[in-house]
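Architecture and fold: a report
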Amino acid sequence: MSNISSSQIFTWIERYAAQIAEQKDYLTQLDAAIGDGDHGANMHRGLQAILVKKADLQNTDIGALLKGVAMTLISTVGGASGALYGTFFLQASTLAGGKTELSPREFGSLLEKGLAGIVLRGKAAVGDKTMIDALQPGIKAYKDSIESGETMEQALSKAVSAADVGLSSTTPLIARKGRASYLGERSAGHPDPGASSTVLLFRSAAETLC
Amino acid sequence: MVGLVLVSHSRPLAQAVGDLLRRLVDANLQLTCCGGVGEDRAELGTDAIEIQEAIGSVYSEDGVLVLMDMGSAILSAETALEFLNPEQQGKVRLTSAPLVEGGMAAAVQAQLGASLVSVANAALASLLPKQDQVQDVSTGAPAAYPAPALAQSEILEINIRNPHGLHLRPATVLIKTLSGFPGEVLIENRTANRGPVLAQSLVDVARLQIREGDLVRFSISSPDPKPVIESIRSLVENQFGELAQPVPPSEAVVDLNVSEPFSVSRGIAIGRPILLDTIVHSLPTYAVESAPEVKREVEKLGSAIAEAIAEFDRRIERLKGSLDRPEEEIFDAQRMIFADPTILKEVQKQIQEHHLNAAAAWHKTLSGYATDQENAEDPYLRARAADFREVERTVLSRLIGGGTGSALPDQPFAEPTLLICEELTPTLAEQSRRLSIAGVIQLGGGITSHGAILARALGLPAIGGARKSRERLLSAQQVAINGSKGSLWIDPPPDVLAELAGRQQIELSEGQAALLKSQERAMTRDGIPIQVGGNAGSADDILSARTNGADFIGLFRSEFLFQDLHHEPDEHQQLTAYRRALEPAADVSPVTVRLLDVGGDKPLEFLPQAKEANPFLGVRGIRLLRANPRFFRVHLRALLRLAHFFRIQLLIPMITEVSEILAVRELLTELDGDLTKANVPHRWPVPLGAMIETPSAALMIDQLLPHLDFVSIGTNDLTQYILCAERGSAQLMAFSDSLHPAVLRMCEAVIRTAQERGVKASICGEIASDPEALPILLGLGHRDFSVTAGAIPAMKAMIRKVNLSGIASQLASKQPFFEEASDVRKFSRDLFERSEN
Ligand SMILES: Nc1ncnc2c1ncn2[C@@H]1O[C@H](COP(=O)(O)OP(=O)(O)O)[C@@H](O)[C@H]1O
Ligand SMILES: [Mg+2]
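Rules used in this analysis
- Residues numbered from 1 in each chain as written.
- Chains lettered and ligands numbered in written order.
- Predicted model: local features only at pLDDT ≥ 70, side-chain atom pairs only at ≥ 80, totals over all residues.
- Heavy atoms only, no water.
- Contact = heavy atoms within 4.5 Å.
- Buried area = accessible area lost by both parts, 1.4 Å probe.
- Salt bridge = Lys/Arg side-chain N within 4 Å of Asp/Glu carboxyl O.
- Helix = DSSP H or I, 4+ residues; strand = E, 2+ residues; numbered from the N terminus.
- Nonpolar A, V, L, I, M, F, W, Y, C, P; charged D, E, K, R; others polar.
- Pairing = 2+ DSSP bridges.
- Axes fitted to C-alpha atoms, helices over the stretch in contact; angles between N-to-C directions.
- pLDDT = per-residue confidence, 0-100.
- Donors = N, O, S within 2.8 Å, 3.2 Å for Na, K, Ca; no water.
- Buried < 20%, exposed > 50% of the residue type's maximum accessible area, 1.4 Å probe, protein only.
- Parallel < 35°, antiparallel > 145°, perpendicular 65-115°, else oblique.
- Core = buried A, V, L, I, M, F, W, Y, C linked by side-chain atoms within 4.5 Å.
- Left-handed = near helix turned anticlockwise from the far one by under 90°.
- Expected span 1.5 Å × (residues − 1).
- Polar contact = N/O pair within 3.5 Å; in protein donor to acceptor, adjacent residues only side chain to side chain.

This part is about the interface of chain A and chain B. With 19 residues of chain A at the interface, the matching set in chain B holds 18 residues. Here chain A packs against chain B, burying approximately 1,500 Å² in sum over the two surfaces, 58% of which is carbon and sulfur. Among the residues of chain A in contact with chain B, A:I74, A:G78 and A:R121 are the three that bury the most area, contributing 35% of the side total. At the junction of chain A with chain B, the criterion picks out four salt bridges. Across the pair A:R45 and B:E43 runs a salt bridge, and its minimum N-O distance is 3.8 Å. Listed by contribution, the elements that provide at least two residues to the side of chain A that touches chain B are α4 (62-76), α5 (80-93) and α6 (104-122) of chain A. Per-element tally for the side of chain A that touches chain B: the top contributor is α5(A), with six residues. In terms of residue class, the side of chain A that touches chain B is made up of eight nonpolar, seven polar and four charged.

Laid out in C-alpha cells, this is it:
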C-alpha cells in the first residue's frame, strides 16, 4: 500500500479550505441556529490564512507542515474550533517530526493523537453535541478498516460515512459544551456545526490522500 | 506584583474591563487585555498566540493570573498555556472567576502585593458578596427531601394547632422529646407536601414549613411506638408548651414597664435598631483547594463551633436564674442550631465541594437559613431569623475576629443607627464612632465594663439590661434611648419623639456651653480648687480630654496602644507608639502613664496567658509583667526613654504589696544604669505611683506610701474586689456601685493616710464623673480626679455648684449608718436639694 507524502497532506488541507469556502454559509447557518453564527466564517478565515503561507508550508516535512497549520488555525480562527482544530493538528504534528511520508497506519495514529488533544482541551465526550461526535467514529472506522487490511481508499470512505452518521446523531442532542451549551434545550433539533466541518475534513481527505 | 491578563471574545470588552480595573484599583496594575481575531481584531474570537504573548508581557516571578470570558476564550487560554516554557507554566494560572468581579478582586489583591494563590483565590470567591446581596443562590438546600424508608413504622397523622406553626421553638421541643425514645421518627407536612425528614435536625423540620392547621404525618419506627405516639399527641395538644404561655404579640406596643434598662453612657440617641448579629461581616475570600487545606478548614470550623457552644453554655449558665421560660426555649433552639447535623453537613459540603473557606461556608449556609426565615409570611417566624444570625455571628467572630467578636462592617451606616448587642465590648465601642452608630443598647452588660467606659469616653449614648425587650427590638422600626436615665422607647409615638429630639438639642447646646467654661480650672463655691484630669488611651483621647478641659492626663492606659499587635513590640516600636500618642499632650502635663495593664478581661495576643478559672483574680497587671521579665525590661526601657521627651509619671497597676513596688524600683534603677552607660537619652527618676485597686493595697497603704510619689485609686476594680461582684454582671448591678459604703470607707482610709504623709492621691475611676458621687468624694477629702474626657465639662460645672464646707461634717455624722449604696445616693440627693433651696 502506498504511503502518504507531505505534498499530499498539503493538498488535503487545500481541498479542505476549498470545501470550507464552499460550505461557509451553510456552516454559519448551522452555528446561527445553536451558537453564535460564526463557525463558517471562523474556519474560512483560518484556512485562507493557511493558503497565504502556502510557500512556507509546502517545502517542509510533515511535522513542520502540520504544526504550521495548527499555529495558523490557533491564531486566526478565533472560535472554539480554532483552539480545537489547532490542537488537533498540533498534537498530530508531534508524531510526524522530520517525516516526509506516512504509512496509512501512522496516519491513523496521528489522527488519534489529534483527537486525544481535542478531548483533553475541550473535555467533551461523544454525545455532548460537538465535533467529537463525528471525529471519533470517523477515526475509529478508518483505523478498523486499515487494521483489517483494507485499502486507504476504503478506509477513508468508511471514515466519511461513519463521521456522517456521527454528524446526524448530533441533531437530537442537547449541547453540553461550548457556546451552544448556553442554549440548553433549544440546541436540540439542529446538527452540530463543528461536527459538520469535521465531516468535510474526512471528505477532503478521501478526495486527496489516496 | 502578580500580572493579570484579561481575555474576551471582544477586544473592546477586554479593554473596557481593563480600563475599569485601572481606574477603580490602580493605574499601575500589571495588566494586559487581549481578544478579537481577524483584521484589526475586529471579529469576535480569541487567539491563543496573542494570549501567550500577553502573558509574557506581564510575566514576572510573582506569576500571572488569566481571566477569560467563556467558551473558546478558555480553550485559547489553555492552549496558550501549553506554549509557555515549563518554568513559566508553573507560575501562570487560569481562573474560572467571572471577568469583571473576578478581575476586581484579583486586581485588588495583586495591587496589595499578594501571592498568585491569594490573587487566584480572591478571584474565585469574588461572586460571594454579590450572591449574598442578591440572595438568588440557594445555600445548597437539598432540592429533594431525603426520604429514608423506615421499616415497620406506625403512622400518626395529626393537625398542628400552634398559631405560628411548628417554628423553631416547638420544633426544638419536639426533637428534644423524641430523642428520648429509641428508634426513629419521620415527619412529613402532608398539607404542603414537604418531607418527610428525620426528626433530628432542627432546620430540616423547620423546612417543612408546618403552619397552623397543617396535617402532619409522623412515621414512627420504634420497638415500642406507643409511648412515642402518646407524647407526640400530647405535645401537639398542648401546642408544644406554647398553650400555657401565649406568644407575645408581634405588634410592638410602647410599654416601658416591660424593660428595666439602666444607664450606661449619657446622651439621647434616636434611630433604627440593628442587631449586631445581623450585620454582614467582611468575610475572608480565600478558597481552599487541596485536601489538606480542606481538612484544615473543616477542623477550624469544628473547633470554632465547639468554642462557641462552650461560651454559649457559660452565658446561659450565668443568665439562668434571670430567664423566663420562653427565653430559655429560645436559647435551647439556638443551642440546637449550633449542633444541627444537617447544617454541619451543608457547611462541610461548601468547603469540600465549593472550596469555600470555613467562614464563608458558615456564613453562606447560616445566612441562607436566616433569609429563609426572613421571607416567612408570619412576622413571628420572621423574628426567628435572628436566632440563625446570632448563631452565625457567634461562630463567625471566632473564625474571623480571633474570638474578639470584632467582625464588623467596613462602611459606616447611612442612617442613624442604634446597635443592639449582648455586651458592649471595647472593640465595639471603638468601632461605633467609625461606623457612625448613634447609640448602643446592651441586652445584658454592666456599666463599668471596658466597653461601657469607652462609650462614656466617646460620648456614645448607651443603656444596658434591655434583654426583656429583645423580641420587640428585633421588629421595631425606630428606637430611642436616653443614656443618662437608662430609658428605652420602642417605636415611640410622634409626640414622644419630638420631645426627645428637643431634649437632644438642648443637651447638645448645654454641652457646648459647659465645654467653654470647662477650659478654666474648677473651684468649689467656697473657693477650694479641684483638679480634674482626663483618662486616655490614645492620641485621640488626649485631644478629646484637652478640648473637654482636662487639667492634666491623670491616667494614660498603655494597653490600648498594643491591642491590635500580634507580635511583641520592641523597645523602639513602643517608644514610637507612645511618642505618637502623647504628641497632643506635649503642653498639658504631667501625663500619668500606667504600665501595660493586661490580664483579666483585656488579654493581649503577644503575651499569651494560661487559661485561668478567674482571670480577674489571676496573673494580671504587674503580676503579668513580672512573669514576663524580658518583655517587662523592654517596656520599662521604652518608658524611661519616653520620659526624656515628655513630663510623665509612671503608675504601676494591680499592686498588692510592698515587694512589688521595690522590685519595679530596683529594675528601673538598673535600667537607668544600662541606658546611661549606653548613652541613650532618658530620664530617671520620674515620679512613681501605684494603682490602689486591690483591697490589700488599700489596707496596707501605710506600708506602700514611703516608696511611692503618688497613688491613684482605681475605683472600678477596687469596687469589684471589695464587693466580690464581677464588673460586667447585669444581675449584680447593685454591687457594682462604687458608692457602696464599704468602698467609701476604704477610699477614705487611703486618702486620709496619703494626706497625712503628704503623698498625692487621686481617683481615676468612673465614679468621679457620677453627679451623685462627686459631692460625697469631695466630702471625704478627695481633691484630685481623673475621668473620661466626655465627663469633664459636666463635672467641672458640678464642682462649681458645690459648697464644700458643711458636706464633710454632715457626711462624717451620717457615714457610720450607711448600709448600702442607695443610702449614700439618697444622702447625696438630699444634700443637693438642701443646697439648691
Ligand atoms: N469543548 C468542546 N469540545 C469539543 N468541541 C467543541 C467544544 N466547544 C465547542 N466545540 C465545537 O466547536 C464548534 C463551534 O465552533 P465555533 O463556532 O468556531 O466556535 P465558538 O463556539 O467559539 O463560536 C461547535 O459546533 C462544537 O463542535
Ligand atoms: Mg460559533
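Strands belonging to one sheet form pairs held by backbone hydrogen bonds; the direction of such a pair is parallel or antiparallel. Residue and element names in this part refer to chain B. Pairing is parallel in the open sheet, where four strands are placed in the order β2-β1-β3-β4. Looking at the sheet topology across the chains shown, the edges are occupied by β2 (31-35) and β4 (92-95). Recorded for the sheet is a direction-independent mean angle of 20° between the axes of neighbouring strands. Sheet topology note: the strand β1 (residues 3-8)/strand β3 (residues 64-68) ladder contains five bridges and is parallel. The partner of G3 across the bridge, within β3, is V64.

This part covers the confidence of the model for chain A. Keep in mind that low pLDDT regions are not for reading the predicted coordinates in detail. Across chain A, pLDDT averages 92, with 96% of residues at or above 70. When pLDDT is averaged over each element of chain A, helix α9 (residues 193-208) of chain A comes out on top at 97 and helix α3 (residues 54-58) of chain A at the bottom at 89.

We now examine the confidence of the model for chain B. All names here are of chain B. The predicted model of chain B averages 83 in pLDDT, with 88% of residues at 70 or higher. In this model residues 139-147 is a low-confidence stretch, pLDDT under 50, and it forms 18 contacts with partners more than four residues away in sequence or in other chains. In this model residues 245-259 is a low-confidence stretch, pLDDT under 50, and it forms 21 contacts with partners more than four residues away in sequence or in other chains. For this predicted complex, the interface score ipTM comes out at 0.77, alongside a pTM of 0.42.

Turning next to the sheet that holds strand β14 (residues 479-482) of chain B. All names here are of chain B. One open sheet holds the seven strands; their spatial order is β9-β13-β12-β11-β10-β14-β15, and the pairing between them is mixed. Edge positions in the open sheet fall to β9 (262-265) and β15 (487-490), since each of these has one partner strand only. Direction aside, the axes of adjacent strands within the sheet are offset by 30° on average. Where β14 and β15 come together, four bridges link them in antiparallel fashion. In the strand pairing of β15, A480 is matched with W489. Helix-sheet contacts for helix α19 (residues 494-517) involve β10 (268-275), β14 and β15, and the interaxial angle to β10 is about 120°.

Glancing now at the coordination of the magnesium ion (ligand 2). All names here are of chain A. Protein coordination at the magnesium ion (ligand 2): the donors are D31 (OD), D36 (OD) and D38 (OD), at 2.0 to 2.2 Å from the metal. For the magnesium ion (ligand 2), all donor residues lie on one chain, and their spacing in sequence is D-x4-D-x1-D. A relative accessible area of 30% means that D36 is categorised as partly exposed.

It is worth spelling out the packing of helix α7 (residues 132-147) of chain A against α9(A) at this point. Residue and element names in this part refer to chain A. It is at 7 Å that the axes of α7 and α9 come closest, and there the two elements cross at 30°. Between α7 and α9, the interaxial angle falls into the category roughly parallel. Residues A134, L135, G138 and I139 of α7 pack against A195, T198, V199 and F202 of α9. Counted by class, the contact of α7 with α9 contains six nonpolar, two polar and no charged residues.

Below, the discussion takes up the nonpolar core. All names here are of chain B. Core analysis: the biggest nonpolar cluster contains 100 residues, and F556 and V593 have the highest contact counts within it. Not counting chain neighbours up to four residues away, the residues in contact with V593 comprise F556, S558, Y578, L582, L639, L642, I648, Q649, L650 and L651. Grouped together as the second largest cluster of nonpolar side chains are 65 residues, V185, L202, V205 and A370 included.

If you want to describe how two helices pack, look at the angle between their axes and the distance between the axes. All names here are of chain A. One can describe the packing of α4 onto α5 by two numbers: an axis separation of 8 Å at closest approach and a directional angle of 165°. Taken together, the axes of α4 and α5 are roughly antiparallel relative to one another. Here α4 and α5 pass one another in a crossing that is left-handed. In contact with G63, L66, K67, V69, A70, M71, L73 and I74 of α4, α5 contributes G82, Y85, G86, T87, F89, L90, A92 and S93. By residue class, the composition of the contact of α4 with α5 is 10 nonpolar, five polar and one charged.

For the rest of this paragraph, the subject is helix α13 (residues 341-354) of chain B. Residues and elements named next belong to chain B. Counted at 1.5 Å a residue, the expected span for α13 with its 14 residues is 20 Å, and the 19 Å between its end C-alpha atoms agrees. Three or more residues of α13 are buried, namely T342, I343, E346, V347, Q350 and I351. Where α13 begins, the side chain of D340 points an oxygen toward the backbone nitrogen of T342, at a separation of 2.9 Å. Phi turns positive, to about 60°, at H355, one or two residues after α13.

For a regular strand, the rule is simple: side chains alternate between the two faces of the sheet. Residues and elements named next belong to chain B. A large share of strand β12 (residues 437-442) lies buried, amounting to five of its six residues. Where strand β11 (residues 417-421) lies against β12, five bridges are found, and the strand directions are parallel. Residue pairing across strands places T417 opposite I437, the latter belonging to β12. Relative to strand β13 (residues 462-464), β12 is paired through two bridges, and the arrangement is parallel.

This next bit is on unusual backbone geometry. Residues and elements named next belong to chain B. Omega for the peptide link from W684 to P685 comes to 5°, which places this bond in the cis form. Inspection of the secondary structure assignment puts P685 in the loop between α25 (658-677) and β21 (688-692). Unusually for a residue other than glycine, H355 sits at a positive phi of about 60°. Here H355 shows up in the loop between α13 and α14 (358-374). Residue classification places H355 among the partly exposed residues on the basis of a relative accessible area of 29%.

Residue and element names in this part refer to chain A. Residue position: S7 is located in helix α1 (residues 6-34). Measuring from C-alpha to C-alpha, the distance between S7 and L57 comes to 9.4 Å, with 50 residues separating the pair along the chain. Polar contacts involving the side chain of S7 include one to the side chain of S5, which spans 3.2 Å.

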